[in-house]
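# Results of the structural survey
Below are the chains, spelled out letter by letter.
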Amino acid sequence: MPCGSCIAPSLSAYTEVQNYATSYPGRVKFYLSDDVGTSSCTTITNWGTTNGITSPDAVFCNTAVKQADYGTAGMPKIVVLGGSTHSVLFNQNNGLNVTNFNNAIMAGLTTGISSNTKGDFKLNLFPNPSSTNKTTVSYSLAQSSEVNFEVYNTLGAKVKSISFDKQAVGKHETILDFETLPNGIYFIRLNAGDSSQLLKFTINH
């Protein structure tokens, strides 16, 4: 940034990031940077404001930021970093594939949740892809706990939530109804006590 051809892809990425504010408050950040660090932070901030990017989480304008650290150069270069090691999960030049961009963000969120899981629920969903309205979820509890399932789409929006009263230790199976959900990629999160596990699945009615 800044450049004329950078406006549409950058604004699209910014808008997508804002969609995560409700479901994942404070966990998905949008940073704006000059491509080679030759523009001032004021110039970059004003360029963003003029083009609808009104509140990035940070603006970088230093030559220490090098595009080579994230692959080949491009205008714009849109990158998703995620996980405990801040790995590059998405890297696109000269445009934006919104689906892949959102999948990369969810992959980063998934990695973060998995790294904080205190128990192995052996969470499984079948069939996956799900071609029917009802899908079986199996899981194991190491201790008695209330259980909650949350289903998210690739925009990070919660589209379904199912809760169960306290369940006993051991293996459990339950049937979830996805009839109202359109075809696509989703993430289901099992919460039990202070532990959680996330699983990616596909609906293809």
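The coordinates are above.
Here is a short report on the structure shown in this document. In this text the structure is predicted, and so the values were computed from the model without any measurement. Each chain carries its own residue numbering, running from 1 in the direction its sequence is written. Local features are withheld for residues below a pLDDT of 70 in this predicted model, meaning they are given only at 70 or higher, and side-chain atom pairs are given and counted only at 80 or more; totals for whole chains, interfaces and linings count all residues. Neither water nor hydrogens contribute to the side-chain values; these are computed over all heavy atoms in the structure.

Here we come to the nonpolar core. By nonpolar core we mean a set of buried residues, namely Ala, Val, Leu, Ile, Met, Phe, Trp, Tyr and Cys, connected to one another through side-chain atoms within 4.5 Å. Relative accessibility decides the category of a residue: with a 1.4 Å probe and only protein chains considered, values under 20% of the type maximum give buried, values over 50% give exposed, and everything between is partly exposed. Core analysis: the largest hydrophobic core is formed by 25 residues, its most contacted members being Tyr 20, Phe 30, Phe 90, Phe 101, Ile 105, Met 106 and Leu 109. Helix and strand assignments come from DSSP, with helices taken as H or I runs of at least 4 residues and strands as E runs of at least 2, each series counted from the N terminus. Those elements giving two or more residues to this core turn out to be helix H1 (7-18), helix H2 (41-50), strand S3 (77-82) and helix H3 (98-116). Here this core gets five residues from one element, more than from any other, and that element is H3. Only heavy atoms matter for contacts: two residues are in contact if any of them lie within 4.5 Å across the pair. With near-sequence residues (within four places) excluded, Phe 101 lies in contact with Ala 13, Glu 16, Val 17, Ile 78, Val 80, Phe 90 and Leu 96. Of all hydrophobic cores here, the second largest spans 19 residues; its members include Leu 123, Leu 141, Val 151 and Tyr 186.

Attention shifts here to H1. Relative to the 16 Å expected for 12 residues at 1.5 Å per residue, H1 spans 16 Å between its end C-alpha atoms, a close match to the ideal helical length. Regarding H1, the residues found buried are Pro 9, Ser 10, Ala 13, Tyr 14, Glu 16 and Val 17. Angularly, the buried residues of H1 cover 160 degrees about the axis, an arc narrow enough to put them on a single face. The length a helix should cover is 1.5 Å for every residue beyond the first. The directions from the helix axis to the C-beta atoms are what the arc is built from.

A word on the packing of aromatic side chains. Between the rings of Phe, Tyr and Trp (Trp by its six-membered ring), a pair exists once the centres lie within 6.5 Å; its type follows the angle of the planes, with under 30 degrees stacked, over 60 edge-to-face, and the other angles tilted. Counting across every chain of the model gives nine aromatic pairs. Between Tyr 24 and Tyr 152, the aromatic rings sit 5.3 Å apart at their centres with planes inclined by 35 degrees, giving tilted as the arrangement. Of this pair, Tyr 24 sits in the loop between H1 and strand S1 (31-33) while Tyr 152 is found in strand S7 (residues 145-153), placing the two residues 128 residues apart along the sequence. When its relative accessible area of 3% is taken as the criterion, Tyr 24 is described as buried. Accessibility expressed as a relative area gives 2% for Tyr 152, which makes it buried. Ring centres of Tyr 139 and Phe 149 lie 5.4 Å apart, and the angle between their planes is 70 degrees; on these two criteria the pair is classed as edge-to-face. Of this pair, Tyr 139 sits in strand S6 (residues 134-141) while Phe 149 sits in strand S7, placing them 10 residues apart in sequence. Taken individually, Tyr 139 and Phe 149 each receive the classification buried, so the pair is uniform in this respect.

A few words now on the state of the cysteines. Note on terminology: pairs of cysteine sulfur atoms within 2.5 Å are recorded as disulfides. One pass over the full model with this rule turns up two disulfides. The partner cysteine of Cys 3 in its disulfide is Cys 6, sulfur to sulfur 1.7 Å. As the torsion about the S-S bond is roughly 90 degrees, the Cys 3-Cys 6 disulfide counts as right-handed. Cys 6 shares its class with Cys 3; the two are buried. Linked covalently through their sulfurs, Cys 41 and Cys 61 form a disulfide whose S-S length is 1.7 Å. One quick way to see it: the torsion about the S-S bond of Cys 41 and Cys 61 is about -80 degrees, and its sign makes the bridge left-handed. Taken together, the positions of Cys 41 in helix H2 and Cys 61 in the loop between strand S2 (58-60) and S3 put the pair 20 residues apart, joining distant regions of the chain. Here the bonded cysteines of the chain are numbered in sequence order, and their pairing is 1-2, 3-4.

The element strand S10 (residues 184-192) is largely enclosed, with a buried count of seven among its nine residues. When DSSP finds two or more bridges between a pair of strands, those strands are recorded as paired. Here S7 runs beside S10; their pairing, made up of seven bridges, is antiparallel. Across the sheet, residue Val 147 finds its bridge partner in S10, namely Ala 192. The pairing of S10 with strand S11 (residues 195-203) spans nine bridges and is classified as antiparallel. Bridge pairing in S11 places Phe 187 opposite Lys 200. Count of turn residues in the S10/S11 antiparallel hairpin: two residues, of which Gly 193 carries a positive phi of about 65 degrees.

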